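This is what each chain is made of:
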Amino acid sequence: MLLTGFLFGLISSLHCIGMCGPIAMMLPVDHDNPTRKALQIAAYHMGRLSAYAFLGLAFGLLGKGLRIAGMQQQISVGVGIMMIIIALVPERIFAKYNFSKPVYRIISNLKSSLGKQFKKKTLDAMFSIGFLNGLLPCGLVYAALFGALAMQNVTLGITYMVLYGLGTIPMMSLVVYASEFISFKWRNQLQRVIPIITVLLGIAFIIRGLGLGIPYISPNEVTLFVQATPQCH
């Protein structure tokens, strides 16, 4: 299931073109120095990966607690359902309920800090932009975090989110290097496939959680996320 993180990142990057793309397009990179520009973009991506790893740590810890409580299969099914809901319910519906209101001040501070970093061209500023960008609210990042939660292991939760971030790098780098060639129409066409892939990933988590006894796809309850304890004779 770890590979679904990378796949989900690839698909999510199509959405990122529309949501985080403007941030990437405005990065204060050195256009006259290709080598420095590449280093600046790499620092930006390292910042995003660090933010995702931090979030993966938090949700991995939460998932570990749920695993100890014996909720392996239920969490996998629940994660699948949440992924499908996020894919099918329009973002404007979520915006109407303003789920981020309890942390509005934190988000406002993140955006303020992000704006200050755009005045610099240093590598640490690029890293900070990427890190803060990775912490901004995003429906598909939420879906990925549910995947990290389903790993029910701290290390796997971090790995899942890092793989998710790695999946977004190719398209986000393309945005920086070829922003003038990416039209809004093209972005909208690409984003149509996102709900389909997200639903398929959600179904995969549900099938896995059902414990149908299918090796690697839907293992039984004992081997769902942890190896069975060997029997001593």
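Residues numbered from 1 in each chain as written. Predicted model: local features only at pLDDT ≥ 70, side-chain atom pairs only at ≥ 80, totals over all residues. Heavy atoms only, no water.

1. Some words on the overall build of the protein
Here's step 1: Within the protein, the secondary structure is distributed over eleven helices and zero strands.
Here's step 2: The 233 residues of the protein split such that 42% are buried.
Here's step 3: If you take every contact in the protein between residues at least 6 apart in sequence, the share linking residues at least 24 apart comes to 80%.
Here's step 4: With the model as given, the accessible surface of the protein reaches about 12,600 Å², and the carbon-plus-sulfur share is 67%. (Helix = DSSP H or I, 4+ residues; strand = E, 2+ residues; numbered from the N terminus. Buried < 20%, exposed > 50% of the residue type's maximum accessible area, 1.4 Å probe, protein only. Contact = heavy atoms within 4.5 Å. Areas by Shrake-Rupley, 256 points an atom, 1.4 Å probe, with all protein chains shown as cover.)

2. Considerations on helix 11 (residues 194-209)
Here's step 1: Taking 1.5 Å of rise per residue, the 16 residues of helix 11 would be expected to cover 22 Å, and the 23 Å separating its terminal C-alpha atoms lies within 8% of that figure.
Here's step 2: Once helix 11 finishes, Gly 211 follows within two positions and takes phi at roughly 60°, a positive value. (Expected span 1.5 Å × (residues − 1).)

3. Points about the nonpolar core
Here's step 1: Counting residues in hydrophobic clusters, the biggest one holds 27 residues, and the most contacted among them are Phe 8, Met 83, Val 141, Tyr 160, Met 161, Tyr 164 and Phe 205.
Here's step 2: Among the elements of the structure, helix 1 (2-19), helix 3 (34-68), helix 4 (72-88), helix 8 (139-151), helix 9 (154-177) and helix 11 are those that each provide at least two residues to this core.
Here's step 3: Here the element with the most residues in this core is helix 8; it accounts for nine residues.
Here's step 4: Excluding residues within four positions of it along the chain, Val 141 makes contact with Tyr 52, Leu 55, Met 161 and Tyr 164.
Here's step 5: Of all hydrophobic cores here, the second largest spans eleven residues; its members include Ala 43, Tyr 44, Leu 132 and Met 172. (Core = buried A, V, L, I, M, F, W, Y, C linked by side-chain atoms within 4.5 Å.)

4. Looking at the packing of helix 8 against helix 11
Here's step 1: Put simply, helix 8 and helix 11 touch, their axes get as near as 12 Å, and they point 15° apart. On the basis of their axis angle, the class for helix 8 and helix 11 is roughly parallel. Of the two possible hands of crossing, helix 8 and helix 11 adopt the one that is left-handed. Residue-level contacts link Leu 140, Gly 147, Ala 150 and Met 151 of helix 8 to Ile 194, Thr 198 and Phe 205 of helix 11. (Axes fitted to C-alpha atoms, helices over the stretch in contact; angles between N-to-C directions. Parallel < 35°, antiparallel > 145°, perpendicular 65-115°, else oblique. Left-handed = near helix turned anticlockwise from the far one by under 90°.)

5. Regarding a nonpolar patch on the surface
Here's step 1: Side chains of Ile 196, Leu 200, Ile 203, Ile 207, Leu 210, Leu 212 and Ile 214 sit close together on the surface and give an oily, nonpolar patch of about 610 Å² of accessible area.
Here's step 2: Tracing the chain through its elements places Ile 196 in helix 11. (Patch = residues over 30% accessible without salt bridge, like charges linked within 9 Å, V, L, I, M, F, W, Y side chains within 5 Å. Salt bridge = Lys/Arg side-chain N within 4 Å of Asp/Glu carboxyl O.)

6. Focus: the environment of Leu 10
Here's step 1: Relative to the assigned elements, Leu 10 resides in helix 1.
Here's step 2: The exposure class of Leu 10 is partly exposed, given its relative accessible area of 32%.
Here's step 3: If we ignore the near neighbours within four places in the chain, the residues touching Leu 10 are Gly 167 and Thr 168.

7. Topic: the packing of aromatic side chains
Here's step 1: Following the criterion strictly, the structure yields two aromatic pairs and no others.
Here's step 2: When the centroid spacing of 5.4 Å and the interplanar angle of 75° are considered together, the rings of Tyr 52 and Tyr 164 count as edge-to-face. With Tyr 52 in helix 3 and Tyr 164 in helix 9, this residue pair connects regions lying 112 residues apart in the sequence.
Here's step 3: A residue is classified by how much of its surface remains accessible, and Tyr 164, at 0% relative accessible area, is buried.
Here's step 4: Grouped by ring-pair contacts, the aromatic residues Phe 8, Tyr 52 and Tyr 164 constitute a single cluster. (Phe/Tyr/Trp six-rings, centres within 6.5 Å; stacked < 30°, edge-to-face > 60°.)

8. Topic: the side chain of Thr 168
Here's step 1: Checked against the element boundaries, Thr 168 lands in helix 9.
Here's step 2: A distance of 2.6 Å separates the side chain of Thr 168 from the backbone oxygen of Gly 165, its partner in a polar contact.
Here's step 3: Those residues within four positions of Thr 168 in sequence are excluded, and the remaining contacts are Gly 9, Leu 10, Ser 13 and Arg 48. (Polar contact = N/O pair within 3.5 Å; in protein donor to acceptor, adjacent residues only side chain to side chain.)

9. Notes on unusual backbone geometry
Here's step 1: The phi torsion at Gln 152 lies on the positive side, around 50°, for a residue other than glycine.
Here's step 2: Counting through the fold element by element, Gln 152 comes out in the loop between helix 8 and helix 9.

10. Quick look at the confidence of the model for the protein
Here's step 1: Scored by pLDDT, the protein comes out at a mean of 76, with 70% of its residues at no less than 70.
Here's step 2: Across the protein, the secondary-structure element scoring lowest on mean pLDDT is helix 5 (residues 91-97), at 59, and the one scoring highest is helix 3, at 89.
Here's step 3: In this model residues 222-233 is a low-confidence stretch, pLDDT under 50, and it forms 13 contacts with partners more than four residues away in sequence or in other chains. (pLDDT = per-residue confidence, 0-100.)

11. Examining the packing of helix 4 against helix 11
Here's step 1: Here helix 4 crosses helix 11 at 165°, and the two axes come no closer than 7 Å. Between helix 4 and helix 11, the interaxial angle falls into the category roughly antiparallel. Two packed elements cross with a definite hand, and for helix 4 against helix 11 that hand is left-handed. Note on element contacts: helix 11 touches helix 4 through Pro 195, Thr 198, Val 199, Leu 201, Gly 202, Ile 203, Phe 205, Ile 206, Arg 208 and Gly 209, opposite Gln 73, Ser 76, Val 77, Val 79, Gly 80, Ile 81, Met 83, Ile 84, Ala 87 and Leu 88.
Here's step 2: For the contact of helix 4 with helix 11, the residue count by class is 13 nonpolar, six polar and one charged. (Nonpolar A, V, L, I, M, F, W, Y, C, P; charged D, E, K, R; others polar.)

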